[in-house]
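Fold and geometry: a report
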Amino acid sequence: PAEKMMVINKKEHFYSLDKTEIRRPPVLQIQVWDNDLFSLDDYLGSVEFNLCNMPPPAKSAKKCCQEQFGDPTTGREPKKEYVSLFESKRLRGWWPMRDIAQDGEVLHSGKAELELEILSVNEAEEKPAGEARDDPNTNPVLDPPNRPETSFLWFTSPWKTFKHIIWKHWKWYIIGALVIIVVGLLVALFIYAAPVCVQSGLLTFG
């Protein structure tokens, strides 16, 4: 609509008889957190869009930068003219993640690849999508995360820890230690068994 606002009809209280009409700007906020197992999750950054007036995405991660956003406090103009998702229907590309320091400075905290699409109720029913990578993993298809083999918790994967960390850096030391241990055991066995064999030979010869 011309007002560029979302219209939400809901009851203000459970005892309300009629619904109240609430108008709010179509703002989408995406936050990225580090999923820690034992400590509190760490906040990494966020990006916020007014879907009626948002910066277009960069085509690649290399071209993604803070200049995609304008800064009214400094008068900095955005790198490209803002677009409306309601007019474009679908946007895909890279946007910069931002964090606010204690002194108010905007910090660049990463880059996010996103695909945003506006659908009607009928279109959403025709193009189902599961949560995260749950079935149906379509619209869009989310591939498994491309993480390095060393991206794991060492205490939950002892074999991977040995393979990627210990064996990779200490392989020849471990092989040398095993060879020394085997040779030492053979020598000790020989020394232990030699007197018995010599005595048995003397008795047989006598």
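None of the values given here were measured: they were computed from a predicted structure.

Cut-offs applied
- Residues numbered from 1 in each chain as written.
- Predicted model: local features only at pLDDT ≥ 70, side-chain atom pairs only at ≥ 80, totals over all residues.
- Heavy atoms only, no water.
- Salt bridge = Lys/Arg side-chain N within 4 Å of Asp/Glu carboxyl O.
- Buried < 20%, exposed > 50% of the residue type's maximum accessible area, 1.4 Å probe, protein only.
- Helix = DSSP H or I, 4+ residues; strand = E, 2+ residues; numbered from the N terminus.
- Polar contact = N/O pair within 3.5 Å; in protein donor to acceptor, adjacent residues only side chain to side chain.
- Core = buried A, V, L, I, M, F, W, Y, C linked by side-chain atoms within 4.5 Å.
- Contact = heavy atoms within 4.5 Å.
- Disulfide = S-S within 2.5 Å.
- Pairing = 2+ DSSP bridges.
- Phe/Tyr/Trp six-rings, centres within 6.5 Å; stacked < 30°, edge-to-face > 60°.
- Lys NZ or Arg CZ within 6 Å of the ring centre and 35° of its normal.
- pLDDT = per-residue confidence, 0-100.

1. Describing the pattern of salt bridges
- For the coordinates displayed, the defined rule picks out four salt bridges.
- Arg23 is the partner of Glu21 in a salt bridge, and the nearest nitrogen-oxygen pair spans 3.1 Å.
- Judged by its relative accessible area of 46%, Glu21 falls in the partly exposed class.
- For Glu115, the salt bridge identified is with Arg90, shortest N-O distance 2.8 Å. Taken together, the residues Glu115 in strand β6 (residues 106-117) and Arg90 in strand β5 (residues 90-100) connect sequence positions 25 residues apart.
- When salt bridges with common partners are traced through the structure, they connect Arg90, Arg92 and Glu115 into a single cluster.

2. With respect to the side chain of Gln66
- Relative to the helices and strands, Gln66 is located in the loop between β4 (42-50) and α1 (85-88).
- Judged by relative accessible area, Gln66 falls into the buried class, the value being 14%.
- Within the local environment of Gln66, its side chain forms a polar contact with the backbone oxygen of Met97, the two atoms lying 3.4 Å apart.
- Engagement of the side chain of Gln66 in a polar contact is seen with the side chain of His108, the distance being 2.9 Å.

3. Considerations on the nonpolar core
- Within the largest apolar cluster, twelve residues are counted, these being Val47, Phe49, Leu51, Met54, Phe69, Leu85, Leu91, Trp95, Met97, Ala112, Leu114 and Leu116.
- Looking at this core, the elements that each hand over two or more residues are β4, β5 and β6.
- The residues touching Leu91, leaving out its near neighbours within four places in the chain, are Met54, Pro57, Val83, Leu85, Leu114, Glu115 and Leu116.

4. Describing the state of the cysteines
- In total, this model carries zero disulfides according to the counting rule given.
- Free cysteine Cys65: the closest other cysteine sulfur is in Cys64, separated by 6.7 Å.
- When its relative accessible area of 17% is taken as the criterion, Cys65 is described as buried.

5. Some thoughts on the pairing of β6
- In terms of strand pairing, β5 meets β6 through eleven bridges, oriented antiparallel. Within β6, the position partnered with Leu91 by the bridge is Leu116.
- Between β5 and β6, which follow one another and run antiparallel, lie five residues, and Gly104 among them has a positive phi close to 90 degrees.

6. Observations concerning the packing of aromatic side chains
- Counting across every chain of the model gives four aromatic pairs.
- An angle of 65 degrees between the planes, with centres 5.2 Å apart, marks the rings of Trp33 and Tyr43 as edge-to-face. One end of the pair, Trp33, is in strand β3 (residues 27-34); the other, Tyr43, is in strand β4, and ten residues separate them in sequence.
- Grouped by ring-pair contacts, the aromatic residues Phe49, Phe69 and Trp95 constitute a single cluster.
- Lying over the aromatic face of Phe69, Arg98 brings its terminal NZ or CZ to 4.1 Å of the ring centre.

7. Overview of the confidence of the model for the protein chain
- For the protein chain, mean pLDDT is 80; residues scoring 70 or higher make up 82% of the total.
- Ranking the helices and strands of the protein chain by mean pLDDT puts α1 first, with 90, and helix α3 (residues 158-205) last, with 77.

8. So, the environment of Glu105
- One can find Glu105 in the loop between β5 and β6.
- Owing to a relative accessible area of 45%, Glu105 belongs among the partly exposed residues under this scheme.
- Ignoring sequence-local partners within four residues, the contact set of Glu105 consists of Asp99 and Ile100.

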